[in-house]
Amino acid sequence: MSKHTITELLSPAFLSRMQNMLGDEYESFLKSYEAPRTYGLRVNTAKISCDEFERIVPFPVTPIPWISNGYFYPEDVRPSFCPLYQAGLFYLQEPSAMTPASCLPVTPGENVLDLCAAPGGKATALGAMLNGSGLLVANDISASRARALLRNIELFGITNAFVTNETPAHLGKHFPEFFHKILLDAPCSGEGMFRKDRKMVKAWEEHGPEFFVKIQRSIITQAAQMLKPGGMLLYSTCTFSPEENEQTIEFLLQEYPQFKICDIKGYEGFSDGILKASLSGNEQLKKTIRIFPHKMEGEGHFIALLKKEEE
């Protein structure tokens with residue numbers, strides 16, 4: 001997006017909300033739309049070490065500072081044509097989108113659920129963390145997207161996984177309090193992806209935050225019921241909307257008081273959750289993380305890590 005088209009493409013309602021949210025940072029935020037987007041890949045550490053990958057990769061890569069196995073690559077490179085990609089040694093993923101899976105502390109032997117998993121960026125990251133031990137259930141409500149998800153899991157060589165094509169409600173009937181860790185990268189209005197994909201601007205006008213809030217609250221409720229006591233749930237979106245982010249976490253805490261917000265390891269550029277977005281004034285919401293494109297080399301994201309306390 002150029003500075004000549006940004007006000008034409010972005011809704012005045014969206015810009016007004018961002019101005020209220022960001023205050024003095026608003027101009028820097030607007031300028032971020034003029035900057036080129038970043039491109040990233042994540043190494044499949046279940047197949048190859050990062051050191052070995054750096055030694056054999058045939059194009060320039062630069063480590064992503066906050067992702068241990070993530071790398072930036074130049075825009076003019078086409079990594080999908082590389083034999084290493086076809087062999088499942090790395091996954092192409094926008095840098096901010098790598099962050100949620102990296103913040104969920106999965107250990108081998110656990111039962112792990114990726115509830116809205118297609119096309120597989122986060123599921124393949126979780127599968128690599130399990131390292132062949134435990135169980136990964138990767139679910140998507142879309143049959144066509146679930147097929148793409150299955151292909152990526154097979155390409156990554158994850159053998160302790162199966163793909164489901166179910167509604168979260170139906171899945172919940174079969175897996176009550178079954179999972180140690182759940183990742184919910186929720187369907188959202190996609191505000192954080194406007195720079196990456198202009199089509200998201202038009203989609204936002206058709207289905208904005210109000211449309212997605214009901215879906216998100218339904219899914220996070222189902223996820224809560226599938227999580228073991230003592231287990232952890234990571235909720236993420238690629239939107240800036242407080243209704244879809246902090247207020248959805250507030251909703252969960254009100255419905256399920258046994259959930260507590262956990263600290264996430266910080267990194268320079270990570271922003272705290274916005275307390276003024278809270279309806280209840282819950283100070284704990286500052287433990288959630290926002291990624292803004294004017295502060296990080298990536299698109300917009302929101303991340304909250306929660307623990308379900310033992311009864």
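Definitions and limits used
Residues numbered from 1 in each chain as written. Predicted model: local features only at pLDDT ≥ 70, side-chain atom pairs only at ≥ 80, totals over all residues. Heavy atoms only, no water. Axes fitted to C-alpha atoms, helices over the stretch in contact; angles between N-to-C directions. Helix = DSSP H or I, 4+ residues; strand = E, 2+ residues; numbered from the N terminus. Parallel < 35°, antiparallel > 145°, perpendicular 65-115°, else oblique. Left-handed = near helix turned anticlockwise from the far one by under 90°. Contact = heavy atoms within 4.5 Å. Nonpolar A, V, L, I, M, F, W, Y, C, P; charged D, E, K, R; others polar. Core = buried A, V, L, I, M, F, W, Y, C linked by side-chain atoms within 4.5 Å. Buried < 20%, exposed > 50% of the residue type's maximum accessible area, 1.4 Å probe, protein only. Phe/Tyr/Trp six-rings, centres within 6.5 Å; stacked < 30°, edge-to-face > 60°. Lys NZ or Arg CZ within 6 Å of the ring centre and 35° of its normal. Arc of directions from axis to C-beta. Polar contact = N/O pair within 3.5 Å; in protein donor to acceptor, adjacent residues only side chain to side chain. Pairing = 2+ DSSP bridges. 1 Å grid on protein atoms, 1.4 Å probe; cavity = no way out; pocket = protein on both sides within 12 Å on 5 of 7 lines; lining within 4 Å. Points joined across faces, edges and corners; volume = space filled by probe spheres on them.

Some words on the packing of helix α11 (residues 209-226) against helix α12 (residues 246-255)
Across the interface, α11 lies against α12 with an axial gap of 10 Å and an inter-helix angle of 45°. As the angle between them shows, α11 and α12 are arranged oblique. Crossing angle aside, the handedness with which α11 passes α12 is right-handed. Here α11 contributes Gln216, Arg217, Ile220, Thr221 and Ala224 to the contact with α12, which in turn contributes Gln247, Thr248, Ile249, Phe251 and Leu252. Taken together, the residues of the contact of α11 with α12 break down into five nonpolar, four polar and one charged.

Considerations on the nonpolar core
Ranked by internal contacts, the top residues of the largest apolar core, which has 34 residues, are Trp66, Leu104, Leu126, Leu149, Leu234 and Leu305. The set of elements that each furnish at least two residues to this core consists of α6 (99-103), α7 (121-130), β6 (135-139), α8 (143-155), β9 (227-237), β12 (289-291) and β13 (301-308). Looking at which element gives the most residues to this core, the answer is α7, with four residues. The residues touching Leu104, leaving out its near neighbours within four places in the chain, are Leu126, Met129, Lys181, Ile182, Leu183, Met232, Leu234 and Leu305. By size, the runner-up hydrophobic cluster in this structure holds 28 residues, among which are Cys116, Ile249, Ile261 and Ala304.

Some points on the packing of aromatic side chains
This model, assessed by the stated rule, comprises 22 aromatic pairs. With a centroid separation of 6.1 Å and an interplanar angle of 75°, the aromatic rings of Tyr91 and Phe156 are classed as edge-to-face. Within this pair, whereas Tyr91 is found in strand β4 (residues 90-92), its partner Phe156 is found in the loop between α8 and β7 (161-164), the two being separated by 65 residues in sequence. Overall, the relative accessible area of 9% leaves Tyr91 in the buried class. Ring centres of Phe178 and Phe179 lie 5.0 Å apart, and the angle between their planes is 90°; this geometry places the pair in the edge-to-face category. A network of ring pairs unites the aromatic residues Phe14, Phe29, Tyr33, Phe194, Trp204, Phe240 and Phe292 as a single cluster. Stacked on the ring of Tyr39, the Lys or Arg Arg37 has its end atom at 4.0 Å from the ring centre.

Considering α12
Counting buried positions along α12 yields seven of 10 residues, so the element is predominantly enclosed. Listing the buried residues of α12 in full gives Glu246, Gln247, Thr248, Ile249, Glu250, Leu252 and Leu253. Where α12 is buried, its residues meet α11, β9, β10 (259-261), β12 and β13.

Focus on helix α2 (residues 12-22)
Regarding α2, the residues found buried are Phe14, Leu15, Arg17, Met18, Met21 and Leu22. Along the axis of α2, the buried positions cluster into a sector of 160°, meaning they face one direction only. Seen from the open side of α2, the exposed residues pointing more than 90 degrees away from its buried face are Pro12, Ala13 and Asn20. Elements in contact with the buried residues of α2: α3 (26-32), α10 (199-206), α11 and β12.

Things to note about the side chain of Thr237
Here Thr237 is to be found in strand β9. Note on Thr237: relative accessible area 0%, which makes it buried. A polar contact is formed between the side chain of Thr237 and the backbone nitrogen of Thr239, at a distance of 3.4 Å. At 2.6 Å, the side chain of Thr237 forms a polar contact with the side chain of Asn245. Other than its neighbours up to four places away in sequence, Thr237 contacts Asp185, Ala186, Cys188, Glu244, Asn245, His301 and Phe302.

Considering the pairing of strand β8 (residues 179-185)
Burial runs high along β8: six of the seven residues are buried. Bridging between strand β5 (residues 111-114) and β8 involves three bridges; their strand directions are parallel. Pairing of Leu113 across the sheet is with Ile182, part of β8.

Brief notes about the pairing of β9
Within β9, eight of the 11 residues are buried, leaving the element largely enclosed by the surrounding structure. One ladder, built from six bridges, connects β8 with β9; its direction is parallel. The residue of β9 that forms the bridge with Leu184 is Tyr235. In the sheet, β9 pairs with β13 via six bridges, with the strands oriented antiparallel. Bridging from a neighbouring strand, Ser236 pairs with Ile303 of β13.

A few points about the sheet that holds strand β1 (residues 40-43)
Here we have four strands laid out as an open sheet, ordered β2-β3-β1-β4, and antiparallel in their pairing. With partners counted over all chains shown, the strands left at the sheet margins are β2 (62-63) and β4, one partner each.

Overview of the layout of surface pockets
Counted as a void, the largest pocket has a volume near 1000 Å³. Along its surface, the largest pocket is lined by 43 residues, and Ala118, Pro119, Arg145, Asp185 and Cys238 are the ones closest to its centre. If you list the elements that add at least two residues to the lining of the largest pocket, you get β4, α7, α9 (168-174) and α11. For the lining of the largest pocket, the element with the most residues is α11, which contributes five residues. Of the residues that constitute the lining of the largest pocket, the class distribution is 22 nonpolar, 11 polar and 10 charged.

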